[in-house]
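Residue-level structural notes
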Amino acid sequence: MVITTAHISPIISLIAGVLILIMPRLLNLIVAIYLICIGLIGLGALTWLHQ
């Protein structure tokens, strides 16, 4: 399977969901990191993922 930027968002969401279930105190940190990652992907700042 080739991982593209279309796959990054669901993968990050899965990881974040599992971490929140395990350690609910991480919710703020996980949401902040998720939003930053999605913003960077949306702006095309992570073009190195397309190689």
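It should be noted that the structure appears before, not after, this text.
To start, this report covers the structure provided alongside it. (Residues numbered from 1 in each chain as written. Predicted model: local features only at pLDDT ≥ 70, side-chain atom pairs only at ≥ 80, totals over all residues. Heavy atoms only, no water.)

Another aspect to go through is the overall build of the chain. Across its full length, the chain carries two helices and zero strands. When each of the 51 residues of the chain is scored for burial, the buried share is 6%. Entry remark: accessible area of the chain is about 4,100 Å², with carbon and sulfur atoms responsible for 75%. (Helix = DSSP H or I, 4+ residues; strand = E, 2+ residues; numbered from the N terminus. Buried < 20%, exposed > 50% of the residue type's maximum accessible area, 1.4 Å probe, protein only. Areas by Shrake-Rupley, 256 points an atom, 1.4 Å probe, with all protein chains shown as cover.)

A few words on a nonpolar patch on the surface. Taken together, the side chains of Ile3, Ile11, Leu14, Ile15 and Leu19 make up a nonpolar region of the molecular surface, amounting to roughly 450 Å² of accessible area. Residue placement: isoleucine 15 occurs in helix α1 (residues 5–22). (Patch = residues over 30% accessible without salt bridge, like charges linked within 9 Å, V, L, I, M, F, W, Y side chains within 5 Å. Salt bridge = Lys/Arg side-chain N within 4 Å of Asp/Glu carboxyl O.)

Another aspect to go through is the environment of isoleucine 38. If you trace the backbone, isoleucine 38 turns up in helix α2 (residues 27–43). It is 9.1 Å that separates the C-alpha atoms of isoleucine 38 and isoleucine 12, two residues lying 26 residues apart in sequence.

The next subject is the environment of isoleucine 20. Note on placement: isoleucine 20 falls in helix α1. Owing to a relative accessible area of 27%, isoleucine 20 belongs among the partly exposed residues under this scheme. The residues touching isoleucine 20, leaving out its near neighbours within four places in the chain, are Leu27 and Ile30. (Contact = heavy atoms within 4.5 Å.)

For α2, built from 17 residues, the straight-helix expectation of 24 Å at 1.5 Å per residue is met to within 8% by its first-to-last C-alpha distance of 24 Å. Within two residues after α2, glycine 44 carries a phi angle of roughly 80°, on the positive side. (Expected span 1.5 Å × (residues − 1).)

By themselves, these are just geometric observations and shouldn't be taken as functional.
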